Amino acid sequence: MTNYAAICPVSSERVNEKVARANALMSVLIILAFLITQNIFFALFLMVDFYLRTINSAKYSLIAMASSKLLKLMDVEPGFINAGPKIFAARIGWLLITVSVVSFLAGFVDFALITASVLGLFCFLEAAFGFCLACKLYPFLYKHFYKES
């Protein structure tokens, strides 16, 4: 039996949604840099950063650290939400950027750029409108697939 908790994390932790939106904005900027320059190091950086957020180690994520510091400097009030959907969203982001990196390194540059663009669109929606597609999918997947062990 598949353990869907690995896909849809259950979390008692809370994260600052405003930091998540700032993370998304910074991700958009890095993706744009990758799309414009086609320098793989932008995508590799993002892949590592998403991975850190995927394993719930955001304290080591340079993007998350920068977002937190920036919002603190701007004196933005935090808004806490359940961490589970955001971890799931980070996993989707990591998957997309990893596919993009592997495709790029394999010589499928157009596919890599399209995949990165899709991730960029998802990040833009989160940053600009607070719309997280993966977070919308999370409750459906959790409800229909998560089984208590």
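How each quantity is defined
The numbers attached to residues start from 1 for each chain and follow its sequence in the written order. With the structure being a predicted model, the display of local features is reserved for residues of pLDDT at least 70 and the display and counting of side-chain atom pairs for 80 or more, all residues being used for whole-chain, interface and lining totals. By convention in this description, side-chain values take in all heavy atoms of the structure and omit both hydrogens and water. Secondary structure counts use DSSP, requiring at least four H or I residues in a row for a helix and at least two E residues in a row for a strand, with both numbered from the N terminus. Only heavy atoms matter for contacts: two residues are in contact if any of them lie within 4.5 Å across the pair. Multiplying 1.5 Å by the helix residue count minus one yields the expected span of that helix. Working definition: with a 1.4 Å probe on protein chains only, accessible area under 20% of the residue-type maximum means buried, over 50% means exposed, and in between means partly exposed. For this analysis, a polar contact is any N or O atom pair within 3.5 Å, provided that within protein one partner can donate a hydrogen and the other can accept it, and provided that sequence-adjacent residues contribute only side-chain to side-chain pairs. Side-chain atoms within 4.5 Å link the members of a nonpolar core, which is a set of buried Ala, Val, Leu, Ile, Met, Phe, Trp, Tyr and Cys residues. Every definition here rests on a 1 Å grid over the protein atoms only: cavities are sets of points where a 1.4 Å probe fits but cannot get out, pockets are open sets enclosed by protein on both sides within 12 Å along at least five of seven lines, and lining residues have some atom within 4 Å of a point. Grid points are joined across faces, edges and corners, and a volume is the space filled by probe spheres set on the points.

Visitor: Sorry if this is basic, but what is going on with the side chain of Ser67 here?
Guide: Tracing the sequence through the fold places Ser67 in helix α3 (residues 62-73). Not counting the four nearest positions on each side in its chain, Ser67 is found in contact with Val19, Ala22, Asn23 and Met26.

Visitor: Looking at this structure, I do not really get helix α2 (residues 40-54). What am I missing?
Guide: Owing to its 3.6 residues per turn, the α-helix brings residues three or four apart onto one side. In this model, α2 (15 residues) spans 21 Å end to end at C-alpha, consistent with the 21 Å of a helix rising 1.5 Å per residue. When α2 is considered as a whole, its buried residues turn out to be Ile40, Ala43, Leu46, Met47, Asp49, Phe50, Leu52, Arg53 and Thr54. Taken together, the buried residues of α2 touch α1 (17-37), α3, α4 (83-105) and α5 (109-129). Of the residues flanking the start of α2, the one acting as N-cap is Asn39, its side-chain oxygen 2.9 Å from the backbone nitrogen of Phe41. A positive phi of about 60° marks Asn56, the residue just after α2.

Visitor: In this structure, what is going on with the nonpolar core? I would like to understand it.
Guide: Note on soluble globular proteins: their nonpolar side chains tend to be buried together. In this structure, Phe34, Leu46, Phe50, Ile97, Leu119 and Cys123 are the most contacted members of the largest nonpolar core, which totals 22 residues. For this core, the secondary-structure elements that each account for two or more residues are α1, α2, α4 and α5. Counting residues per element, this core draws most heavily on α5, which supplies 6 residues. Every residue in contact with Ile97, bar those within four places of it in the chain, is listed here: Ala43, Leu46, Met47, Phe50 and Leu119.

Visitor: Is there a simple way to think about the layout of surface pockets in this case?
Guide: Gaps left between atoms are located by rolling a probe of water-molecule size over the structure's atoms. Space inside the largest pocket adds up to approximately 900 Å³. Along the wall of the largest pocket there are 41 residues; nearest its centre are Val19, Ala20, Asn23, Arg53 and Lys86. Elements that contribute at least two residues to the lining of the largest pocket include exactly β1 (14-16), α1, α2, α3, α4, α5 and α6 (133-145). Considering each element in turn, the lining of the largest pocket owes the most residues, 9 residues, to α4.

These results come straight from atomic positions and should not be treated as a statement about function.
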